[in-house]
Amino acid sequence: MINIKMILFLSLIIFPLSLFAQIPPKWKNLFRDIVEINSSSQNLPGLHAMRERLIEEFKALGFENELMDAKEGRKVLVFKFPKSSSKVLLIGHIDTVFEEKSPFQKFSMDSKNFKGPGVNDMKGGIVLMLMALSELKDSSLLQSVVVALNDDEEIGSPYSAPVLKTIAQGIPYALIYEPTFASPEHVTTTHAGGTWLELKVVGRASHAGAAHQKGINACVELAHKITQISKLTQYEKKLTVNPGVIQGGTKPNVVCEEATVKIDVRDVDERDLKDVRKKIEAIAKKSTLFNPLLKQGTQSTVTELIFIPSLPARSTQALFKKGQSVAKRLGFTLKGEHMGGASDANQLAVTGIELLSGLGPWGIGAHSVDEVADVLSFEKRKDFSVGLLKKILSE
């Protein structure tokens, strides 16, 4: 007679273990190591430690490494085989948004998820990349692969973007190992563009008690402007406008003389970006406050801090079609997703290289303490990546 209780007990033990068995201990150990290295975009020693840990893994696959200089002490770590033709460029970034003082520093896992800073965005993508490349180790195909890992993606790749474009010259295809958020059957076919603006308001300082009437409060003026700017979002156009960092004033007993706000704009159509920038400029130009005693208002300026173009569907069409045929052989239907966040795919799109993004693991909670990557997705995503690489490199 079948013992139902015993079957249920064994299933609780064996099933979770079967999930973990899909990722060999070697990769889980690497995953833990790199997740627990704090590699905030501003932590240069941590970024160096990340590179050192990864070099040994790529060397084991036969790659030689080169450290390319970018500005402000930044580096792009490049792996390739000597004297080989380059047919596909794999892109990853080693930096995360989590600062050195963040309480979110440890790696953990259960039967469903890996959890920790960067498990999804995108240390998990680097592990998945290595898992896929390891399956090509005994194949001459691996010699046509170039890997580039930068350290400033989370701040818009302002230093590494020119270096990545140089590396991409003459290479027909690029795969970006950012995560996918929709499902394990998705890749990213379009990315929103990202623009950061800084609006600065200048008023007039004065004693807040003894001469309040002689001041013009830049903080108050900025508040009026932020309220107007926050209304420029148009979800139907995938256009978002986010006033994200506000600074102003010196002391409570001083009428605020200067105040600034940093604004994040995401767009998929350059015409929408131009339109919203004109509106922000118009808001900046007009002063809500006016001091009749001084017969003047505030003065404002808008400065562009970062500009990242959008990733259009035309840049991903060719590789997406190849991916669809690979997915069909693996038994699922590949779907494309739009990502509101930008990536280095955006930076490379202007070169004309054929791209596909979102090759990393499936997960949720990126950029938060709830960041997780789905355990089961790694095996499925690895198989898809191997299949796509073989298809690209065999043609």
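Just so it is clear, the structure is predicted and the values come from calculations on it, not from any experiment. Starting from 1, residues in each chain are numbered consecutively following that chain's sequence as written. Two thresholds apply to this predicted model, a pLDDT of at least 70 for residue-level local features and 80 or more for giving and counting side-chain atom pairs, whereas whole-chain, interface and lining totals are computed over all residues. Remark: hydrogens and water are excluded; side-chain values derive from all non-hydrogen atoms of the structure.

1. Details of the sheet that holds strand S6 (residues 145-150)
1) Next: Strands are treated as partners if at least two bridges between them are detected by DSSP. Helix and strand labels come from DSSP, where a helix needs a run of H or I of at least four residues and a strand needs a run of E of at least two; each type is numbered from the N terminus. Spatial strand order, S1-S2-S6-S3-S7-S16: 6 strands in an open sheet with mixed pairing. The open sheet is flanked by strand S1 (64-69) and strand S16 (354-356), the only strands paired with a single partner. Recorded for the sheet is a direction-independent mean angle of 20° between the axes of neighbouring strands.
2) Next: In this structure, strand S2 (residues 75-80) lies alongside S6, joined through 3 bridges in antiparallel fashion. The partner of Leu77 across the bridge, within S6, is Leu149. Fitting a line to C-alpha atoms yields each axis, with helices limited to the stretch in contact; the angle taken between N-to-C directions then spans 0 to 180 degrees.

2. With respect to the nonpolar core
The nonpolar side chains of a soluble globular protein tend to be buried, and buried together.
1) Next: Within this scheme, the nonpolar core is defined by two criteria: the residues are buried Ala, Val, Leu, Ile, Met, Phe, Trp, Tyr or Cys, and they are joined through side-chain atoms within 4.5 Å. For every residue, the accessible area obtained with a 1.4 Å probe (protein chains only) is divided by the maximum for its type, and the residue is called buried under 20%, exposed over 50%, and partly exposed between those limits. Within the largest apolar cluster, 59 residues are counted, with the highest numbers of intra-cluster contacts made by Leu54, Phe58, Leu90, Leu133, Leu149 and Leu175.
2) Next: We call two residues contacting when some pair of their heavy atoms lies within 4.5 Å. For Leu133, the residues in contact, after removing those within four places along its chain, are Phe58, Leu61, Phe63, Leu90, Leu142, Val145, Val147 and Leu389.
3) Next: Counting residues in each nonpolar core, the second largest holds 21 residues, with Leu197, Val265, Ile280 and Val302 among its members.

3. Regarding the layout of surface pockets
1) Next: Using a 1 Å grid laid over the protein atoms alone, points where a 1.4 Å probe fits but cannot get out form a cavity; open sets with protein on both sides within 12 Å along at least 5 of 7 lines form a pocket; any residue with an atom within 4 Å of a point counts as lining. Grid points are joined across faces, edges and corners, and a volume is the space filled by probe spheres set on the points. In this structure, the largest pocket spans a volume of roughly 460 Å³.
2) Next: If you list the elements that add at least two residues to the lining of the largest pocket, you get strand S9 (193-202), strand S11 (258-267), strand S14 (299-308) and helix H9 (344-349).
3) Next: The dominant element in the lining of the largest pocket, judged by the number of residues it contributes, is S9, at 3 residues.
4) Next: Side-chain classes follow a simple rule in which Ala, Val, Leu, Ile, Met, Phe, Trp, Tyr, Cys and Pro form the nonpolar group, Asp, Glu, Lys and Arg form the charged group, and the remainder, Gly included, forms the polar group. Residue composition of the lining of the largest pocket, grouped by class: 8 nonpolar, 9 polar and 7 charged.
5) Next: Quantified by volume, the second largest pocket comes out at close to 350 Å³.
6) Next: Together, 16 residues line the second largest pocket, and Trp196, Asn242, Ile263, Asp264 and Arg266 are the ones closest to its centre.

4. A closer look at the pairing of S9
1) Next: For S9, the tally of buried residues reaches 7 of 10 residues, placing the bulk of the element in the interior.
2) Next: Sheet topology places S9 next to S11; 10 bridges connect them, and they run antiparallel. Across the sheet, the residue bridging to Val202 is Glu258, located in S11.
3) Next: The pairing of S9 with S14 spans 9 bridges and is classified as antiparallel. Bridging across to S14, Glu198 finds its partner in Thr303.

5. Some points on the packing of helix H8 (residues 317-330) against helix H10 (residues 375-394)
Any two packed helices are characterised by how steeply their axes cross, that is the angle between the axes, and by the distance between the axes.
1) Next: Direction vectors running N to C along H8 and H10 enclose 125°, while the axes themselves pass 9 Å from each other. Relative to H10, H8 is oriented oblique. Crossing hand, H8 versus H10: right-handed. Across the interface between the two elements, Leu319, Lys322, Gly323, Ser325, Val326, Ala327, Arg329 and Leu330 from H8 touch Asp383, Phe384, Gly387, Leu388, Lys391 and Ile392 from H10. The scheme is simple: roughly parallel for angles under 35 degrees, roughly antiparallel for over 145, roughly perpendicular for 65 to 115, oblique for anything else. Should the near helix be turned anticlockwise from the far one by less than a right angle, the crossing is termed left-handed; should it be turned clockwise, right-handed.

6. Describing helix H7 (residues 270-285)
1) Next: End to end, H7 covers 23 Å across 16 residues, agreeing with the expected 22 Å (1.5 Å per residue, within 8%).
2) Next: Among all positions in H7, only Asp272, Leu273, Val276, Ile280, Ile283 and Ala284 are buried. Summarising the axial view, the buried residues of H7 lie within an arc of 110°, below the 170-degree limit, and thus occupy one face. Seen from the buried face of H7, the exposed residues on the opposite side, beyond 90 degrees, are Glu270, Arg271, Lys274, Lys278 and Lys285. Multiplying one less than the number of residues by 1.5 Å gives the expected span of a helix. Taken from the helix axis, the directions to the C-beta atoms give the arc we talk about.

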